[in-house]
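Structural overview for review
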Amino acid sequence: MKKALRTQIRSQLSTLLPTTVSQQSAQITAHLLNSKEFQTAKNVSVYVSKQGAPEVSTTQIITEILRSGRGCFIPRCVSKTKMEMVRLNSLSDLETLPVNRMGIREPALDEDRENALDMGWRLGHGAGYYDRFLEEMYALNAQGEGKNSTATIAVALREQIVDESASTTEHQATSEIISAPAPSAGSDPVSTQAPGHQINFTEGERILCFHGPLLYEAKVLKTDFRHGKANPAENGPHYFIHYKGWKQTWDEWVPESRTLKYNDQNLKRQSDLNSLNTKKKAQQAAAAANSGDGKKTDGGAVDSKKRQRETGEKEEEYLKRPEIKIPIPESLKIQLVDDWENVTKNQKLVSLPRTPNVTQILKLFKENTLKNLANYAHQEDVLDELVNGLKSYFDKALGNILLYRFERQQYVELKKKFSDKDMSDVYGAEHLLRLFVQLPQLIAHTNMDQETILTLKDLFVEFLKYLEANASQLFLQSYENATPAYINATKNLI
């Protein structure tokens, strides 16, 4: 029965014009956002619509969920038959998600994201993800394990509505179905406007703003209401903001979906995101530091149970260790910010291979230290251990935690081109400095005693002083522009 219904509905949908889908989506969105269920919800789960597909667009729905400070959860397929709903942090978060085999953006499986029960239903595309997920939700509610009552609302184009008697599936029940009404003669099919189409922040107001996955305090400098853009996400209220404590070069126009009220609830959300990001970085650092530690059995497979037990013990020890701080000179902090801006905002790249490269820089530091620092004049073995250790950490960490997304294609190309070399013989000071931001977490996952760590910390401080004193010779003064072919290749690299 469902197969026949899908064939019938797909045939009807194939004749719809994009303007018709857009008009119906606007009406449905307005109805949903004004509904009692939405207005009283603290968390909302919603599917991510496929751009250009003949289905209700959820772009404005997701935008309003995030703008209002509600929790937003979207689907992630964990197997061929199972789906879960995980937190979406912002629209910019959504825009950077990988695209699955169905052409829909969804979080990667290895990302640590908060889970939530599914709160919506739709007739799917035949895989049964929503059917099975809702069956699980209904079972939990029946057992009394659901913390709150869950309202389920279906949104559908007029062409997707079928007679109720045509459905024979037991669990496909919803509290409400929202669809666009049939247009009457002479009526304006898009007269209903969704709420939130007004300026909600004033000039000079303190707000919180998403930049990447994190929230930062910011101040509204200007406001603007935009309309008529082909991309719905580019319409509506926009704010020109200044991030507190950041240079004015970071001031930017942002859509309202990236902004939140400055209140206790959203400050807690900011703190939770910071904690989650710190935990994720610690896990990445641990993976880089421990890579290659697994022992193999006779069959060549890693003893996973023992590995998991050891990892758990290391994580417990890590949490008990005092925080290791490596002070980075102010001029090098500015170098890090400019480096980030060049790559992520200006889409530029470090010209590679570099001269001097990481290996050469470490060698120069050793020679300079032996010559000029009396404390280390007779400790060449200590300096050798430092130089070799930093080189090893750099080679292991580079591909895992030291690259920005825009640089990954360059890394892939260089690995092929210089397959006989370590990356420390290719990359230079720009990427080596990034390592020192991650070193505290990397060292915390080692078995070094406190005395050794303090000795290393002193050497790290001296090395950063060396980088600062020789910055003009070690760091690039300008980055190269990425070619159109490279930019296009980065879009295809997940």
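For the structure itself, consult the block above.
Here, residues in each chain are numbered from 1, in the same order as that chain's written sequence. The model is predicted, so local features are restricted to residues of pLDDT at least 70 and side-chain atom pairs to those at 80 or more, both for listing and for counting; the totals for chains, interfaces and linings are taken over all residues. Think of the side-chain values as coming from all heavy atoms in the structure, minus any hydrogens and water.

1. Points about the overall build of the chain
Applied cut-off: Numbering of helices and strands runs from the N terminus, with a helix taken as a DSSP run of H or I at least four residues long and a strand as a DSSP run of E at least two residues long. Throughout, exposure labels follow a simple rule: accessible area from a 1.4 Å probe, protein chains only, divided by the maximum for the residue type, with under 20% read as buried, over 50% as exposed, and the rest as partly exposed. We call two residues in contact when some of their heavy atoms are within 4.5 Å. Using the Shrake-Rupley algorithm and a 1.4 Å probe, accessible areas are obtained, with residue cover drawn only from the displayed protein chains.
Within the chain one finds 16 helices and 13 strands. With 494 residues in all, the chain has 41% of them scored as buried. Excluding contacts between residues fewer than 6 apart, the proportion of contacts in the chain whose partners are at least 24 apart in sequence is 69%. Split by element, the accessible area of the chain, about 27200 Å² in all, is 50% carbon and sulfur.

2. Brief notes about the sheet that holds strand 9 (residues 236-243)
For clarity, the threshold we go by: Only strands joined by at least two bridges in the DSSP assignment are considered to pair. Helix axes are fitted only over the stretch in contact, all axes being lines through C-alpha atoms; the angle between N-to-C directions runs from 0 to 180 degrees.
Read across the sheet, 5 strands follow the order 10-9-8-7-11 without closing on themselves; strand pairing throughout is antiparallel. Strands at the two margins of the open sheet, each flanked by one partner only, are strand 10 (252-255) and strand 11 (259-261). Taking the axes of each pair of neighbouring strands and ignoring which way they run, one obtains an average angle of 50° across the sheet. Where strand 7 (residues 206-211) lies against strand 8 (residues 214-226), 6 bridges are found, and the strand directions are antiparallel. For Cys-209, the partnering residue across the bridge sits in strand 8 and is Tyr-216.

3. A short note on the nonpolar core
Our working rule: Nonpolar cores are built from buried Ala, Val, Leu, Ile, Met, Phe, Trp, Tyr and Cys residues. Side-chain atoms within 4.5 Å join them into one set.
In terms of nonpolar packing, the biggest core is built from 51 residues, with Tyr-427, Leu-435, Phe-460 and Leu-467 touching the most fellow members. Contributing elements (two or more residues each) for this core: helix 9 (330-345), helix 10 (358-372), helix 11 (380-402), helix 12 (408-417), helix 13 (429-444) and helix 14 (450-469). Beyond its immediate chain neighbours, meaning those up to four positions away, Tyr-427 contacts Leu-352, Arg-354, Asn-357, Val-358, Phe-394, Leu-398, Leu-403, Tyr-411 and Leu-414. Counting residues in hydrophobic clusters, the runner-up holds 27 residues, among them Ile-62, Leu-94, Ile-104 and Ile-153.

4. Digging into the pattern of salt bridges
Put simply, the test is: Salt bridge, as used here: a side-chain nitrogen of Lys or Arg that lies within 4 Å of a carboxyl oxygen of Asp or Glu.
Here the structure, examined in full by the defined rule, presents 19 salt bridges. For Lys-333, the salt bridge goes to Glu-330, with nearest N and O atoms at 3.3 Å. Of this pair, Lys-333 and Glu-330 both sit in helix 9, 3 residues apart, which is roughly one turn of the helix. Residue Lys-333 is classed as partly exposed on the basis of its relative accessible area, which comes to 39%. Glu-330 gets classed as exposed once you look at its relative accessible area, which sits at 55%. Residues joined in a network through salt bridges with shared partners are Asp-93, Glu-111 and Arg-113.

5. Regarding helix 14
Structurally, the α-helix is built with 3.6 residues per turn, so residues lying three or four positions apart point the same way. Note the threshold: Take the number of residues in a helix, subtract one, and multiply by 1.5 Å to get its expected span. Our arc is simply the arc of the directions from the helix axis toward the C-beta atoms.
With 20 residues, helix 14 extends 29 Å between its outermost C-alpha atoms, agreeing within 8% with the 28 Å of an ideal straight helix rising 1.5 Å per residue. Along helix 14, the residues classified as buried are Ile-453, Leu-456, Leu-459, Phe-460, Phe-463, Leu-464, Tyr-466 and Leu-467. Projected down its long axis, helix 14 shows its buried positions confined to an angular sector of 150°, all on one face. Residues Glu-451 and Ala-469 are exposed on helix 14 and point more than 90 degrees away from its buried face. Those residues of helix 14 hidden inside the fold are in contact with helix 9, helix 10, helix 11, helix 13 and helix 15 (471-474).

6. Regarding the packing of aromatic side chains
Heads up, the condition is: Two rings belonging to Phe, Tyr or Trp (six-membered ring only in the last case) form a pair when the distance between their centres is within 6.5 Å. Interplanar angles under 30 degrees mark stacking, angles over 60 mark edge-to-face geometry, and anything in between is tilted. By the criterion adopted, a ring carries a charge over it if an Arg CZ or a Lys NZ lies within 6 Å of its centre and within 35 degrees of its normal.
Enumeration over the complete set of coordinates arrives at 12 aromatic pairs. Measuring from centroid to centroid gives 5.8 Å for Phe-365 and Tyr-466, while their planes differ by 65°, and the two rings are edge-to-face. Of this pair, Phe-365 sits in helix 10 while Tyr-466 sits in helix 14, and the two are 101 residues apart along the sequence. Comparing Phe-365 with Tyr-466, the two get one shared label, buried. In textbook terms, an aromatic cluster arises when at least three aromatic residues are bridged by ring pairs, as seen for Tyr-216, Tyr-243, Trp-246, Trp-250 and Trp-340. The ring of Phe-240 has Lys-222 lying over it, and the distance from NZ or CZ to the ring centre is 5.5 Å.

7. So, the pairing of strand 10
With burial as the criterion, only one face of strand 10 is covered, namely that bearing Glu-252 and Val-254; the residues Trp-253 and Pro-255 on the opposite face remain uncovered. Note: strand 9 against strand 10, 4 bridges, orientation antiparallel. Within strand 10, the residue paired with Ile-241 across the bridge is Glu-252.

8. Examining the side chain of Thr-369
This is how the line gets drawn: Pairing of N or O atoms within 3.5 Å defines a polar contact, subject to two protein rules: one partner must be a possible hydrogen donor and the other a possible acceptor, and residues neighboring in sequence count only if both atoms are side-chain atoms.
Assignment of secondary structure puts Thr-369 in helix 10. Taking the relative accessible area as the measure of exposure, Thr-369 reaches 1% and is therefore buried. Within the local environment of Thr-369, its side chain forms a polar contact with the backbone oxygen of Phe-365, the two atoms lying 2.8 Å apart.

9. Focus: helix 11
Heads up, the rule is: The angle separating two fitted axes, one through the seven residues that finish at a residue and one through the seven that start at it, defines the bend at that residue.
With 23 residues, helix 11 should cover 33 Å at 1.5 Å per step; its first-to-last C-alpha distance of 29 Å lies more than 12% under that length. Along its length, helix 11 shows its largest kink, about 45°, at Lys-396.

10. A look at the packing of helix 11 against helix 13
Threshold: Here roughly perpendicular refers to angles of 65 to 115 degrees, roughly parallel to angles under 35, roughly antiparallel to angles over 145, and oblique to all remaining angles. Polarity classes work like this: nonpolar for Ala, Val, Leu, Ile, Met, Phe, Trp, Tyr, Cys and Pro, charged for Asp, Glu, Lys and Arg, and polar for all others, with Gly in that last group.
Relative to each other, helix 11 and helix 13 sit at 95°, their axes nearing to 10 Å. Here helix 11 is positioned roughly perpendicular relative to helix 13, judged by the angle of their axes. Taking contact as the criterion, the partners of Leu-390, Tyr-393, Phe-394, Ala-397, Leu-398, Ile-401 and Leu-402 in helix 11 are, on helix 13, His-431, Leu-432, Arg-434, Leu-435, Phe-436, Gln-438, Leu-439 and Leu-442. For the contact of helix 11 with helix 13, a count of residues per class yields 12 nonpolar, 2 polar and 1 charged.

11. Points about the packing of helix 10 against helix 11
Two numbers describe a pair of packed helices, the interaxial angle and the distance between the axes. Quick note on the threshold: Left-handed is the label given to a crossing in which the near helix is rotated counterclockwise from the far helix by less than a right angle, and right-handed is the label when the rotation is clockwise.
Where helix 10 contacts helix 11, the two axes come as close as 10 Å, and the packing angle between them is 160°. Put simply, helix 10 runs roughly antiparallel to helix 11. Regarding helix 10 and helix 11, the two cross each other, and that crossing is right-handed. Residues Val-358, Thr-359, Leu-362, Phe-365, Lys-366, Thr-369 and Leu-370 of helix 10 touch helix 11, and the partners they reach there are Glu-380, Leu-383, Asp-384, Leu-386, Val-387, Leu-390, Lys-391 and Phe-394. Of the residues belonging to the contact of helix 10 with helix 11, the class tally is 9 nonpolar, 2 polar and 4 charged.

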